[in-house]
Amino acid sequence: MSFQEKSNAAMLVITAAVYGWYFVTSVGSVFGGGLPPEAALAVTNVKMLLTVVIIVTVSIVAHILIAIMAPSEANEAADERDKLIEMRGDQRGGFVLALFALLAMGLAMLGKPPFLFANTILAGLVAGELVKGVSKLIDYRRGV
């Protein structure tokens, strides 16, 4: 596996785990928790900031560990294949993000609470990144 492929796999796992935790705990606390809506939203806002800090911290540590395990690979520049795989992953993830953005706009037009369409946009960003990561893994394995 190249450094780019290892990096992609690490980010895919980190993103799925951290945002999975965020969405499971946030949706439960807002819609099914015993807290009043204002308190639940305040807790969710803190969780949202916490997920960003966790993602950044864990991804930095993961990339350092990947670079330590194979220092020669970490210094290699991306070749044409890596750039093509990145472009195709971005394209596929962008389609998913666009669909979620349209869904969020529809929710906003229907007058739904801001929490709902803000988290729909966040879910679109996460889903787009997951589709991008899986797409890149498939392309690396199949050999584009």
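Predicted, not measured: the structure shown is a model, and the values here were computed from it. (Residues numbered from 1 in each chain as written. Predicted model: local features only at pLDDT ≥ 70, side-chain atom pairs only at ≥ 80, totals over all residues. Heavy atoms only, no water.)

Q: Mind showing me how you'd approach helix α4 (residues 80-109) here?
A: Given 3.6 residues to a turn, an α-helix orients residues that are three or four positions apart in the same direction. Given a rise of 1.5 Å per residue, 30 residues ought to cover 44 Å, and the 43 Å separating the end C-alpha atoms of α4 matches this to within 8%. Of the residues making up α4, those classed as buried are Asp82, Ile85, Gly89, Gly93, Val96, Ala104 and Leu107. Just downstream of α4 lies Gly111, where phi reads positive at about 80°. (Helix = DSSP H or I, 4+ residues; strand = E, 2+ residues; numbered from the N terminus. Expected span 1.5 Å × (residues − 1). Buried < 20%, exposed > 50% of the residue type's maximum accessible area, 1.4 Å probe, protein only.)

Q: Help me understand the confidence of the model for the protein, please; the structure alone is not making it clear to me.
A: As a note on interpretation, predicted positions should not be read in detail where pLDDT is low. In this model, the protein carries a mean pLDDT of 86, and residues with pLDDT of at least 70 account for 90%. Of all secondary-structure elements in the protein, the lowest mean pLDDT belongs to helix α3 (residues 71-74), at 74, while α4 reaches the highest, 91. (pLDDT = per-residue confidence, 0-100.)

Q: Help me out: how do you make sense of the packing of aromatic side chains in this one?
A: Pairs of aromatic rings are described using the distance from one ring centre to the other and the angle between the two planes. Considering all chains together, one arrives at two aromatic pairs under this definition. Summarising the aromatic geometry, the rings of Tyr22 and Phe23 are spaced 5.0 Å apart at their centres and angled 70° between planes, so their arrangement reads as edge-to-face. The two residues Tyr22 and Phe23 agree in class, both being buried. Grouped by ring-pair contacts, the aromatic residues Tyr19, Tyr22 and Phe23 constitute a single cluster. (Phe/Tyr/Trp six-rings, centres within 6.5 Å; stacked < 30°, edge-to-face > 60°.)

Q: What's the story with the nonpolar core in this structure? I'm lost.
A: Within soluble globular proteins, side chains that are nonpolar tend to cluster in buried spots. In terms of nonpolar packing, the biggest core is built from 12 residues, these being Phe3, Ala10, Ile14, Val18, Tyr19, Tyr22, Phe23, Ile55, Ala62, Ile66, Leu122 and Val126. Every element with two or more residues in this core is listed here: α1 (3-32), α2 (37-69) and α5 (114-142). The element best represented in this core is α1, accounting for seven residues. Excluding anything up to four places from it in sequence, Phe23 contacts Asn119, Leu122, Ala123 and Val126. (Core = buried A, V, L, I, M, F, W, Y, C linked by side-chain atoms within 4.5 Å. Contact = heavy atoms within 4.5 Å.)

Q: Where do I start with the pattern of salt bridges in this structure?
A: Side-chain pairing between opposite charges can occur once the charged atoms of the two side chains come close. On inspection of all chains with the given rule, the structure shows six salt bridges. Between Lys136 and Glu86 there is a salt bridge, with the nearest N and O atoms lying 2.6 Å from each other. Placement of Lys136 in helix α5 and of Glu86 in helix α4 is noted, with a sequence separation of 50 residues between them. On the accessibility criterion, Lys136 (9% relative accessible area) is buried. For Lys132, the salt bridge identified is with Asp90, shortest N-O distance 2.8 Å. Of this pair, Lys132 sits in helix α5 while Asp90 is found in helix α4, placing the two residues 42 residues apart along the sequence. Judged by its relative accessible area of 15%, Lys132 is buried. According to the relative accessible area criterion, Asp90 is partly exposed, its value standing at 38%. (Salt bridge = Lys/Arg side-chain N within 4 Å of Asp/Glu carboxyl O.)

Q: I would appreciate a short explanation of the environment of Ala108 in the present structure.
A: On the secondary structure map, Ala108 appears in helix α4. C-alpha of Ala108 to C-alpha of Ala62: the two residues are 46 residues apart in sequence and 37 Å apart in space.

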